[in-house]
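Chain by chain, the residues run as shown.
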Amino acid sequence: RSLYGMTGNWVAKILKLQPKHDGLLIVGAHEWARSVSRVLNQLGVPVTLVDTNKENIIAAKDDGLNTIQGSILSKKVLEEIELGGMGKLLAMTPNDEVNLLATMEYSAMFGRRRIFRLSPEDQRKDLVVQSQNDQFLFGKGMTYTYFTARLIAGAAVKSFKLTEEFDYQNFISAYPRAIPLFYITKKGKLMIFTKDKQNTPGVDNILVSLVTEKAA
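The following refers to the structure shown. (Residues numbered from 1 in each chain as written. Predicted model: local features only at pLDDT ≥ 70, side-chain atom pairs only at ≥ 80, totals over all residues. Heavy atoms only, no water.)

All right, on to the packing of aromatic side chains then. Following the criterion strictly, the structure yields 12 aromatic pairs and no others. The interplanar angle of 15° and the centroid separation of 3.9 Å between the aromatic rings of tryptophan 32 and phenylalanine 147 together place this pair among those described as stacked. With tryptophan 32 in helix 3 (residues 31-42) and phenylalanine 147 in helix 8 (residues 144-152), the pair connects residues that are 115 residues apart, well separated along the chain. Neither residue differs from the other here; tryptophan 32 and phenylalanine 147 are each classed as buried. (Phe/Tyr/Trp six-rings, centres within 6.5 Å; stacked < 30°, edge-to-face > 60°. Helix = DSSP H or I, 4+ residues; strand = E, 2+ residues; numbered from the N terminus. Buried < 20%, exposed > 50% of the residue type's maximum accessible area, 1.4 Å probe, protein only.)

This is the structure we're talking about:
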C-alpha cells in the first residue's frame, strides 16, 4: 500500500499549504551521498539525508547535515520529513529496489517531475523503467557502483563558479571525464542533470560536478 494511500487527506492538506522549495530529501547517507550533500549544503541548498544505517547517519551528523534514521518506506520516517522545505527527492541508495520503491511511494507527494533516482545496475530487471518515465540522476549509466568506482579512483565532488572566462564549455574541455550533477542559477534555482536532460549552465551559475583532481 502506498504512503500516499496511508496518509490520505493529511498529505493533500500539507501540499496545499506548503510552498515548493529547492531543499533535497536524499535517500542514502553513504560516503559519496554525504560528499554531494556537503557541497550542496555549503552552497545554501537545504539537504536532509535518510538512511537505515546508524554509522552513516552518525557520519552525516558529524558533517553538520540534517538526518533521519530509518527506512524511507516507513510511516515513521514519512512523519518526520519536513515537507515545507523539501522540494525534491533523490533516491541514491546502493539498493536499486529501494530506490525504485521510494520514487513510487513518494511520487504523489512530490510530483513525478521532482522525483529522481540512480540508474539501476541491471535495467532488464527494472520492470517499470520504460513505463514510468523515471528521471535517472546525472546521466546515462550513473549507477551506484559506477559513481563509487569513480570516487575510489580519485574523483571528488566540487563546485565551480562559471564566468565569461571559464564558462561551461571551458569546464568540459578542462575536465572531459567530469560528471555534471547540479547547477544553481543566478536566481538561486537548483537544477539537476539527468539521463534525458543535460542543460547548459550559463555565466554566473554555480556548477556542482564529479571531477578528477588532475585535469585531462
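Below, the discussion takes up the pairing of strand 1 (residues 23-27). Of all 5 residues making up strand 1, 5 are buried, and the element is well covered by its neighbours. Alternating residues of strand 1 divide into Gly23, Leu25 and Val27 and Leu24 and Ile26, and every residue in both groups is buried. The pairing of strand 1 with strand 4 (residues 86-91) spans 5 bridges and is parallel. Residue glycine 23 lies in a different strand from strand 4, and its bridge partner there is methionine 86. Of the strand pairs in this sheet, strand 1 and strand 2 (residues 47-51) are connected by 4 bridges, and their pairing is parallel. Looking at strand 2, one finds that valine 27 is bridged to valine 50. Once you follow strand 1 into helix 3 and on to strand 2, the crossover reads as right-handed. (Pairing = 2+ DSSP bridges. Right-handed = clockwise from strand over helix to strand, strands pointing away.)

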